[in-house]
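Overview (structure and organization)
Take a look at the letters that make up each chain.
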Amino acid sequence: SLLLRATRSLHCIWRGHNFGVSGNTKPKLSELLLQEGADPNCRDAESNAAMASEEGWTAWTSLLQDRVDGCAHPLEDWISTVKVFLNYGADPAVRWYSPYDREGKQAMEINTPETAINAALSVRSQYKKDLADIMELLSKVKAKLGPPE
């Protein structure tokens, strides 16, 4: 999807070599696509087929997971894009599996927006206000949805 392309850092493995293709997050493009009706919770058709069907990847979870994985998006753009997604209906309670833990070891970790956002921002003191702002926005979006079914 175009929304996925506006948020992902893409990688290409060819002949045993890993080539990162930097596709930095683009908050303005993401917002335009969302204004036009793009769904931040639409399943990523390119996600790993081994993922649990109920907790597959979306443009939203991919955006979050890229930062957990250490992709080199400019952090300010990533923060803006996360806020845009939350303002346009990204699922604040989504859960997804990550095939690797934060140290890069193979594991099936369950992630949430909170864990991904905290992993990205809590260790960087200069982003303390951004972390608080995003967590407040996340809480507001959750409150609008009401209790889980």
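Calculation notes
Residues numbered from 1 in each chain as written. Predicted model: local features only at pLDDT ≥ 70, side-chain atom pairs only at ≥ 80, totals over all residues. Heavy atoms only, no water. Phe/Tyr/Trp six-rings, centres within 6.5 Å; stacked < 30°, edge-to-face > 60°. Helix = DSSP H or I, 4+ residues; strand = E, 2+ residues; numbered from the N terminus. Buried < 20%, exposed > 50% of the residue type's maximum accessible area, 1.4 Å probe, protein only. Axes fitted to C-alpha atoms, helices over the stretch in contact; angles between N-to-C directions. Parallel < 35°, antiparallel > 145°, perpendicular 65-115°, else oblique. Left-handed = near helix turned anticlockwise from the far one by under 90°. Contact = heavy atoms within 4.5 Å. Nonpolar A, V, L, I, M, F, W, Y, C, P; charged D, E, K, R; others polar.

The subject of this paragraph is the packing of aromatic side chains. Summed over all chains, the structure comprises one aromatic pair. A centroid spacing of 5.9 Å and a plane angle of 20 degrees characterise the contact between Trp60 and Phe85, whose relative ring orientation is stacked. Taken as a pair, Trp60 in helix H3 (residues 59-68) and Phe85 in helix H4 (residues 75-87) lie far apart in primary sequence, 25 residues in all. Of the residues examined, Trp60 reaches a relative accessible area of 0% and is grouped as buried.

Glancing now at the packing of helix H2 (residues 27-35) against H4. At a minimum axis separation of 9 Å, H2 and H4 run at an interaxial angle of 15 degrees. The angle between H2 and H4 falls in the class roughly parallel. Here H2 runs over H4; the crossing is right-handed. Note on element contacts: H4 touches H2 through Asp77, Ser80, Thr81, Val84 and Phe85, opposite Pro27, Ser30, Glu31 and Leu34. In terms of residue class, the contact of H2 with H4 is made up of four nonpolar, three polar and two charged.

So yeah, pure geometry; function would need other evidence.
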